[in-house]
Each structure stands twice: as structure tokens, then as C-alpha cells.
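The residues making up each chain are set out below.
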Amino acid sequence: MIGRDLLGIEDLERDDIVRILDTAEHMVEIGERAVKKVPTLRGRTIVNLFFESSTRTRASFEIAGKRLSADVVNFSPSSSSLKKAESILDTARTLDAMDPDAVVVRHAVAGVPKRIADVLAAPVINAGDGAHEHPTQALLDCFTVRREKGRLDGLTVAIVGDILHSRVARSDIYAFSKLGAEVRVAAPPTMIPHGIETLGVKAYTSLREALDGADVVMALRIQTERLTGAYFPSVREYSATFGIDRAKLRFAKDDAIVMHPGPVNRGVELSHDLADHRPSVILDQVRNGVALRMAVLYLFAGRPGAVRRVRTLPDAPLGM
Amino acid sequence: MTVSRILIRGGRILDPQSGRDERADLLIEDGRVAALGQGLPVEGAQLLDAAGRWVVPGFVDMHSHLREPGQEYKEDIGSGGRAAVAGGFTAVACMANTHPVNDDPAMTDYILDRARHDSPARVYPVAAATKGLKGEVMTEMAALVQAGAVAFSDDGKTIMDSGVMRRVLEYSTLVGVPVITHAEDRTLVGDGVLNEGPVATRLGLPGNPAIAEVVHVARDLALAEFTSAHLHVAHVSTAQAVELIRRARERGVNATAEVAPHHLVLTDEAAQGYDTNAKVAPPLRSVADRDACRAGLADGTLDAIATDHAPHAQHEKELDFTEAPPGMIGFETAAAVTLELVRAGLLSPLEWVRRLSTNPARILARPGGSLAQGALADVTLVDPERVWRYDPAKGFSKSRNSPWAGAELTGRVVATLVGGRLVFDVERGVLV
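From a predicted model like this one, the values you see are computed outputs, not experimental measurements. (Residues numbered from 1 in each chain as written. Chains lettered and ligands numbered in written order. Predicted model: local features only at pLDDT ≥ 70, side-chain atom pairs only at ≥ 80, totals over all residues.)

**Topic: the nonpolar core**
This is how it is decided: The nonpolar core is taken to be a set of buried Ala, Val, Leu, Ile, Met, Phe, Trp, Tyr and Cys residues joined by way of C-beta atoms within 7 Å. Put simply, a residue is buried when 20 or more other C-beta atoms lie within 10 Å of its own C-beta and exposed when 12 or fewer do; between those, it is partly exposed, and each C-beta is set from the backbone. Strands are runs of DSSP state E lasting at least 2 residues, helices are runs of H or I lasting at least 4, and numbering of each runs from the N terminus.
Among the nonpolar cores identified, the biggest contains 245 residues, and A:Val160, A:Val217, A:Leu297, B:Leu26, B:Val126, B:Phe152 and B:Ile245 are the most heavily contacted of them. The element best represented in this core is helix H12 (residues 282-301) of chain A, accounting for 11 residues.

Structural data, given as C-alpha cells:
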């Protein structure tokens, strides 16, 4: 049974994941209609609480909510107005007093959605927190692969790039593993986090070995501004050793597909050619993302008869 | 002239100094231990029944943050002192990272003055090793020691410049007090907030590697060996650092070391759920590191248990995990949580008391740590079996940032005497 919040794939059972993917299949059809709207979440308020800007993910959640007729409110405390000294829990309590039906949270620091969920009455959906998890991205990745390959069980998925700082990598590792795929990660040793093997993956510093026999090659975005010099010597050297192009893709299976969570640094982690052509399925990922997030909002924000706790400030203790 | 007498009757006397571990009465007269023995006379004495309790020299905490002056919303010398005696500490050393910094004899004077007025526990100021904790210009050590400073440390602002650290250690031999190092190489810590390893990887938090401590401990031990200064390593948290200190002491290096209760009983798993009360510097480590710290404490490599009591306000601990300040309060839980090591057979009751009292008093060259006749009557009574639930809101610190909030603990300090005066009683609270 799916829990109240969607904070990470680590917390989900295999059956939960399958149920979300199956629900997304139904949502795909809605997006193909001339009138792309159903009344499922009419009268429900969904807040997109994005502390970290993300035009794509926010738009995807917003479109998903609107196709289900929810009232979607975007709340983006900018880094200037939300000073570092302001407690995230204060923000959460303020929001809670407005009685939303679900809150979608994105934050640059791991753990913020979890701590907001701890004080919020409404379900929280994690839209990416630091280097922790990005569950809807992993779910849409699995959904895309399942539609491409017809299955996930027995496939080999190679995730290439900055594993250390990547929430997508962690969520993908959990999701693909739980659905029966073998997951490998490949990166320069400086970008492989300590203890990654405890997540059930094998780490490679040889791209060739990592890609050998892979059905899916997932390239991760490299934050060149932040990482160049500190984690790898230069963009040129990174793209020569770990950038995916057609030549390196030959290490993988003949029918391997290429994925990327976007936005792509063209010519860095993916060649221009692969960014725009098959076997890359990047735009399918984006399209599927809307259906998948509709499924998530339906399952987490659309529960009937949820009893809400009414919260007010408690009386002050004696003597205050 | 009237003589004030207190008779602590029928307790188990544990005095590491003399090695005594026996059932006996302890008579206190005019603030000092007058006699220790069976069936001591009762006339005119206030009676303290200690049946079933351990009677031990008052605990001495080498490492705490009392936040006054400057951050009285977190703690002040009075509230910190009350929390200390409620935890059995009759004396606490306070670090220099106040606002302004304790890098000047006038500030040391001020702290001691506040302590005389407000704190039931003795307060031993640790002065900054460098002005403003900037790691550049050394402080006036002779004047500071004269004012009452017991040691020098830049604590959390680790002195990164090895040349400065060498001179600080060298110069400290002039005044003969220890230099305390918070050994973390900041370039290796980077933006790390939790022990680098599987837990940080799973939680997606930036890792602070064990090697950051190891490299710095190695450097400071080498500098101590070179300068013959007394180096004291604060809150050791890694297996490799324990081993480095063990080897250095075998070579005769003048090094002592402390370990914090949280590094003895918790691991990085405590940060599951992103509990910022489990964020501390150095971070909670792996099971192997924790076990090595326990072994180091048991074999004497680590001399003292020190709390690193670090109060922070609730709104600060409600920040995200990277922004929340590191540290946890510890005075009121230290005895209870470290008694686990006695129950596990790692420390005898006597050795446990030695690490909480006798050794830290010796390292700081302060009185205390002894129940010998004529010794200062700083005495703590412990009920090692008492089961209780810790609620920081009912504690004496102004802050509540404890990873043991709500936990059921076994063993409790039930009474504390400072200079022969009963300042804490578990039923009545702090009495001053």
C-alpha cells in the first residue's frame, strides 16, 4: 500500500511502483485527446513549493495538475526572500495553515521534503531534494523504458556521470533495481560516492566495461561550472572519456536506448547527434513525465475522504 | 565558629585517585572531605542517604560551550552551570567561541565573574589560541593564564596554518597549559555535514570524510612531538585517529585526548530522517569508528569523556541539514549514556569515574577528581540503575538540541555537591 507521501523510491515496494506505472498508462491517453482535461482533482489545491528553480519539472507538475482539474499554485520562495536564517519549517507551517491538498517540494538540500512532511497535514511529493532523490524522474524513466522495451526485468541499465551529486542516479538505482533490472554506475572515481555499492549497484571507472551489454544508457547532466577543475580536469577530458557518442554507444547492446534527465549539455555528456536522434528517447521522457506525474498526483493527492487535522497554535506554557 | 557538616551515608565510594571502591560513609566539613570510613559520627551533620548509589568525585567537563557573552538565547553561564550540575558536573571548561571571542584577559575575567555570580558549577575558561579565532596571531597566553584560562583552543575554527600551530604549541610551553585541537582539515571537510560513507550516500548529504580528522591529528601529533608541548585532542571520532594517538603516546609524545558521549554510543545512522540534532562536528561516524573510540577509552588512549555541550536554539536546528549549526547539548545525558560502556564491561565503574573526573581534572591541572581527605568536596551521587526518560524541555539548559530527547536512559545523577554545598537533587532540581 502506497504511503501518504512520495519522498523517495527507497520507501516504495515493487508493487507500488508497478501500480504507479500502470496508472500512468491510463493518463497517457488523456494527453492525446483534443480536450486534455478530466475532472478527477476538481476542487483540490496543489502547491508547487519550489525553493530551487526548475522550469521543466515545475511545468510538468503544473500541466499534470491542470489536466486533472486541480487548482495548481506555484510558490517559489526566492533565495533572496527566504533568507538562510528562515526556518524551512516556518514556511511549511505557514503553508499548512492554507490547507493545501498536496504539496510538491523541490529543494537544493537533501531531506527538506521529509522534514516538511513531518509537520504538514497534506501529502508531500518530492520533486527533487539535493543529492537525495527525485522519485518522479525515476518513475518516468522506468515508464519510458517499459514502453520502449516492453519490460524492465532482466535489463541492464548503465548510469553515466556525476553519481556523487545526483538525486536522479539514486532514485533510478532504487527504481530500476526494484523492478528487476541490473544497474551499473560509471564515472571518474572523484564522482562515485563512498558506499554506493550498498545501494546494490556495481561501480565502474571504465565506460567500456559499464556499457558492455547494456540495454539502457542513462547520461547524467554534468554541472560544468561547479565541477570542472575540482572533480575532473576539463570539459574536453570529461567528454572524451565519459561523454556518450555513437562510437562509445557501440559498447552497449545494438538496440540500446539513450536517456537523459535533461537539460542536456550538448557535446559534454551527450554528443549533439545523440541528443537529437534515436536511439535517444529524451523527448519521450519529457512527454511521459506529464502522464507519470498525473498518475502520482491522482494516487497521492486524490484520495477520497482524507480526514484533515485542523491545526492552530497551542496555548503558551504557563509562565511565558 | 560553626562548622558545616554533611554526611553521605552508605554509598559505594568510587575514588580513582586512591583506587578505593568500597561501601563507606563520606564526611564533608567546611567544603572539604573530612573523613571516609565506616559508621562515621552523625552529630550535627546534614544526612544524605546514598544507599544503592555511587559516591564519586564530581565530574569535570573539559569541553563545552556556554554561549555567554553574545548568544544568551542559546545558553548563558548560569543556565549552562545549572545544566552541568544536573548532569553531575561540578566543573566545566568553556570554549572561547563567544561573541566577543575570549581572546583577551578582560574577557576571561568577565566569564569568571559571571560564573561566580550565576553558576553553581565551577567554570574554567579556555582562551582562544589565536586572536579572533582567525588562526593568524597568537593570543597573550601568559596574561590569559594569569587571568584564569586553563587551556588554549580555537576549537571549531581549526588552525589550518601549520606554521601558526607550531608557534602556538611552542609558545604554550612557556605557560604550561595544554593546547586543545579540534582536528579537522577544513579543505578535506569541504561542505561535508555527515560522515562520508554509505549513510551520507543514501541520504544524499555531502560527506565529511574520516580522513579529514586523521590527517589533522597526524599533523598536530607531529608538531607536539617536535615542540614537546602538551597537545590535547578534542572529541576524537575515528578509528585511525585513536590509533595515531596510541602510537604517539607509546613514543612519549605529550598528548592527551578526549571523546564525546555521542561518538561512543551513536553512529551516522542517527541522522536517518534528517534529524539535525544528530548533526555535530566532527560528525557521528561508522560502527567501526565508534567501536575503536570505545576501545581507545577502555585502554586509556583516550583519557577523558567530554561532552562538547553545544546549545543551539530550536529555530536554528529547524534549518535544512546543511545550514543547521552543528552540535548537541550533553551535560544532562553524559553520565547516563556512557554508563552503557560500564554495563557492556568495557569500563569498570572506577575507570568510568576516572575518565569523567580524575583525568580531565589532571589534564587541566585543576583540583578535583579525588575523594582523599582534605580534597575539595565536589561530589556526585549516581544511581546506576535508575531508569528515566530524558525530556530536554524539563532540563536546565536553555536549548533542547539533543539526539536523546524522549529516550529512555538507565542510570542517573541524583545529587551533586560543589565545595560541600548540595547544588542539585534529582527530586528538587537545581537548588541555587
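**Considering the sheet that holds strand E7 (residues 202-204) of chain A**
Strand pairing in a sheet relies on backbone hydrogen bonds. The paired strands run either parallel or antiparallel. Residue and element names in this part refer to chain A. Put simply, the test is: Pairing between two strands requires that DSSP report at least two bridges joining them. For every element, the axis is a line fit to its C-alpha atoms; helices are fit only across the contacting stretch, and the angle between N-to-C directions ranges from 0 to 180 degrees.
If you walk across this open sheet you meet the five strands as E7-E6-E5-E8-E9, and the pairing is parallel. Both outer strands of the open sheet, E7 and strand E9 (257-259), are each paired with one neighbouring strand and no more. Taken over all neighbouring pairs, the strand axes of this sheet differ in orientation by 25° on average, direction set aside. Where strand E6 (residues 182-186) meets E7, three bridges bridge the pair, whose relative direction is parallel.

**Section: the interface of chain B and chain A**
Keep this limit in mind: We call two residues in contact when their backbone-placed C-beta atoms lie within 7 Å. Think of it as three bins: nonpolar holds Ala, Val, Leu, Ile, Met, Phe, Trp, Tyr, Cys and Pro, charged holds Asp, Glu, Lys and Arg, and polar takes everything else, Gly as well.
With 18 residues of chain B at the contact, the number on the chain A side is 24 residues. For the side of chain B that touches chain A, the element with the most residues is helix H6 (residues 198-203) of chain B, which contributes four residues. Its residues placed into classes, the side of chain B that touches chain A shows six nonpolar, seven polar and five charged.

**Looking at the domain arrangement of chain A**
Residues and elements named next belong to chain A. We count it as follows: Boundaries between domains were set according to an automatic or database domain assignment.
According to the domain assignment, chain A contains domain 1 (9-134 + 286-301) and domain 2 (136-281). Listed as interface residues are 22 residues of domain 1 and, on the opposing side, 20 residues of domain 2. Going through the elements one at a time, helix H1 (14-31), strand E4 (124-129) and H12 are the ones with two or more residues in the side of domain 1 that touches domain 2. The greatest single-element share of the side of domain 1 that touches domain 2, amounting to six residues, is contributed by H12. Residue classes in the side of domain 1 that touches domain 2 are distributed as 10 nonpolar, six polar and six charged.

**Describing the environment of A:Ser234**
Mapped onto the secondary structure, A:Ser234 falls in the loop between helix H8 (224-227) and helix H9 (235-241). As a C-alpha pair, A:Ser234 and A:Gly302 span 68 residues in sequence and 48 Å in three-dimensional space.

**So, the domain arrangement of chain B**
Residue and element names in this part refer to chain B. Domain parsing of chain B yields domain 1 (5-55 + 375-430) and domain 2 (58-363). Centre-to-centre, using C-alpha coordinates, domain 1 lies 25 Å away from domain 2. Listed by partner, the interface residues are 33 residues for domain 1 and 43 residues for domain 2. Counting residues per element, the ones that place at least two in the side of domain 1 that touches domain 2 are strand E16 (379-389), strand E17 (408-418) and strand E18 (421-425).

**Let's talk about unusual backbone geometry**
One can expect most non-glycine residues to show negative phi and most peptide bonds to be in trans. The linkage connecting A:Arg278 with the following residue, A:Pro279, adopts the cis geometry, with an omega of 5°. Residue placement: A:Pro279 occurs in the loop between helix H11 (272-276) and H12. Here B:Glu68 and B:Pro69 are connected by a cis peptide whose omega angle stands at 5°. Checked against the element boundaries, B:Pro69 lands in the loop between strand E6 (59-64) and helix H1 (77-86). The phi dihedral of B:Asp30 falls on the positive side, at around 50°, and the residue is not glycine. Among the secondary structure elements, B:Asp30 is positioned in the loop between strand E2 (20-29) and strand E3 (32-37).

**Focus on the packing of helix H7 (residues 210-227) of chain B against helix H8 (residues 239-250) of chain B**
Residues and elements named next belong to chain B. Heads up, the rule is: Angles are sorted into four bins: roughly parallel if under 35 degrees, roughly antiparallel if over 145, roughly perpendicular if 65 to 115, and oblique for all others. When the near helix sits turned anticlockwise from the far one by under a right angle, the crossing is termed left-handed; a clockwise turn instead gives a right-handed crossing.
One can describe the packing of H7 onto H8 by two numbers: an axis separation of 9 Å at closest approach and a directional angle of 15°. It follows from the interaxial angle that H7 and H8 lie roughly parallel. As H7 packs across H8, the resulting crossing turns out to be right-handed. Two secondary-structure elements touch here, H7 through Ala 210, Glu 213, Val 214, Val 217, Ala 218, Leu 221 and Glu 225 and H8 through Gln 240, Ala 241, Leu 244, Ile 245 and Ala 248. Residues belonging to the contact of H7 with H8 are distributed by class as follows: nine nonpolar, one polar and two charged.

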